[in-house]
Amino acid sequence: MGKQRTGDEHISFDGMPIGHLLGDYWAWNSSDLLINTERGSFSEFIVSAALDLDLSGTRVDWGPYDIPFPFRWSCGGEIRDTVRIEVKSAAYLQSWEQDKPSNIVFSIRPARAWDPKLGYYGETKRQSDLYVFCLYTQTDRDRADPLVLDDWDFYILPTGRLDDCCGGQKTISLNSLLALGPVKADYGGIKDAVIHCIQGGECTPPPPVILHNICIFVLSIITKQLRGLGAASAVKGESHEQGNSGAKPEEERGGSHQLHQGGDLHPGIDSLAG
């Protein structure tokens, strides 16, 4: 972690100040918090502040996850002292002119960890224990000020639920995220929501839409199998009448294989719920 500067440091050339301070650069570079990159790092800052973390150092940009939150908890019977948090942000307003508000989509892409000495290593997966999705909700450009935290919503969700319901999916829409049952909080409730989710392992019961999608998926497979068995019986009966004992119908030879190819539920969740 680097040493934190104050902004009062002079920018110099040939041993003399050029008339601008580091704070001038910060104001020039980072004032527009609607820019995606700035909004992202600002979201990490406000989540860290809500968790009462030490902000006297500098942001680590290359870590496998965004925020280490010191908290003793149990993960599958293993006692851990840190909750690994990934922060993602989105907004209806962007820094450029828009004809309409942006659709809300968050990145949930699995990735490999990176180390200065090792480079990229390990398996491709979501590296955190928990996600905090930060949504800047203001849609009136004249009133937009991301420093006003009343205009932010925060959704907290265990990473395990993303893994179970989304698999290797790279993005998730707001509607699909809500279907997974995250805990919604304002700025003042982020810490309690994080502790609640990590202690319980679940944020809320499995949402009805997910159960509905699973039921539809299973029923569709059963229906296909029953239809296949019906067709197989008809073919078998006809063959028996003709005295033909040739090759087995395709449904009999490949029934279990067809069931396996009914598909992975993960890719369908977003389209069904989004």
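Note that the structure is predicted; figures quoted are calculated from it, not measured.

Caption draft 1: Spatial organisation of the nonpolar core. In terms of nonpolar packing, the biggest core is built from 32 residues, with Leu51, Phe69, Ile85, Ile156 and Val194 touching the most fellow members. Sorting the residues of this core by element identifies helix 2 (36–50), strand 3 (67–75), strand 4 (78–91), strand 8 (130–136), strand 9 (152–158), strand 11 (183–185) and helix 5 (190–200) as the ones contributing at least two each. With 6 residues, helix 5 is the single largest residue contributor to this core. Those residues within four positions of Ile85 in sequence are excluded, and the remaining contacts are Leu51, Tyr65, Asp66, Ile67, Phe69, Ser128, Leu130, Val132 and Val194. Residues Ile104, Phe106, Tyr131 and Leu157 belong to the second largest nonpolar core, which totals 16 residues.

Caption draft 2: Focus on the sheet that holds strand 4. The sheet built from 5 strands is open, its strands ordered 3-4-8-9-11 with mixed pairing. For this open sheet the edge positions go to strand 3 and strand 11, each flanked by a neighbour on one side alone. Between one strand axis and the next, the sheet turns through 30° on average, direction left out of account. Pairing of strand 4 with strand 8 involves 7 bridges; the strand directions are parallel. Bridged to Ser89 within strand 8 is Cys134. On top of the sheet, helix 3 (residues 159–166) reaches strand 8 and strand 9; it is set at about 75° to strand 9, its chief contact. The strands touched by helix 5 within the sheet are strand 3, strand 4, strand 8, strand 9 and strand 11, with strand 3 carrying the most contacts at an inclination of about 35°.

Caption draft 3: Structural detail: the pairing of strand 1 (residues 10–13). Sheet topology note: the strand 1/strand 2 (residues 16–21) ladder contains 3 bridges and is antiparallel. Within strand 2, the position partnered with His10 by the bridge is Leu21.

Caption draft 4: Broad picture of the confidence of the model for the protein. Of all residues in the protein, 73% have pLDDT values of 70 or greater, and the mean over the chain is 81. Low confidence marks residues 201–209, where pLDDT is under 50. Its contacts with residues over four positions away, or in another chain, come to 24 contacts. Taken as a whole, residues 232–274 scores under 50 in pLDDT and shows 46 contacts with residues more than four places along the chain or in a different chain.

Caption draft 5: Broad picture of the side chain of Ser102. Secondary-structure assignment places Ser102 in the loop between strand 4 and strand 5 (105–107). Overall, Ser102 belongs to the buried group, its relative accessible area being 19%. Polar contacts involving the side chain of Ser102 include one to the side chain of Gln94, which spans 3.2 Å. A polar atom in the side chain of Ser102 sits 3.0 Å from the side chain of Gln98.

Caption draft 6: Highlighting the packing of aromatic side chains. Counted by the stated rule, this structure contains 8 aromatic pairs. Geometrically, the ring pair formed by Phe42 and Trp152 is tilted, given 6.2 Å between the ring centres and 55° between the ring planes. Taken together, the positions of Phe42 in helix 2 and Trp152 in strand 9 put the pair 110 residues apart, joining distant regions of the chain. Under the relative-accessibility criterion, Phe42 is labelled buried at 13%. A relative accessible area of 1% means that Trp152 is categorised as buried. Centroid distance Trp62 to Trp114: 5.9 Å. Interplanar angle 70°. Geometry classified as edge-to-face. Of this pair, Trp62 sits in the loop between helix 2 and strand 3 while Trp114 sits in strand 6 (residues 111–115); the two residues are 52 residues apart in sequence, bridging distant segments of the chain. By relative accessible area, which is 32% here, Trp114 ends up partly exposed. Here a set of aromatic residues connected by ring pairs shows up, and it is made of Phe42, Tyr136, Trp152 and Phe154.

The rules we used
- Residues numbered from 1 in each chain as written.
- Predicted model: local features only at pLDDT ≥ 70, side-chain atom pairs only at ≥ 80, totals over all residues.
- Heavy atoms only, no water.
- Core = buried A, V, L, I, M, F, W, Y, C linked by side-chain atoms within 4.5 Å.
- Buried < 20%, exposed > 50% of the residue type's maximum accessible area, 1.4 Å probe, protein only.
- Helix = DSSP H or I, 4+ residues; strand = E, 2+ residues; numbered from the N terminus.
- Contact = heavy atoms within 4.5 Å.
- Pairing = 2+ DSSP bridges.
- Axes fitted to C-alpha atoms, helices over the stretch in contact; angles between N-to-C directions.
- pLDDT = per-residue confidence, 0-100.
- Polar contact = N/O pair within 3.5 Å; in protein donor to acceptor, adjacent residues only side chain to side chain.
- Phe/Tyr/Trp six-rings, centres within 6.5 Å; stacked < 30°, edge-to-face > 60°.

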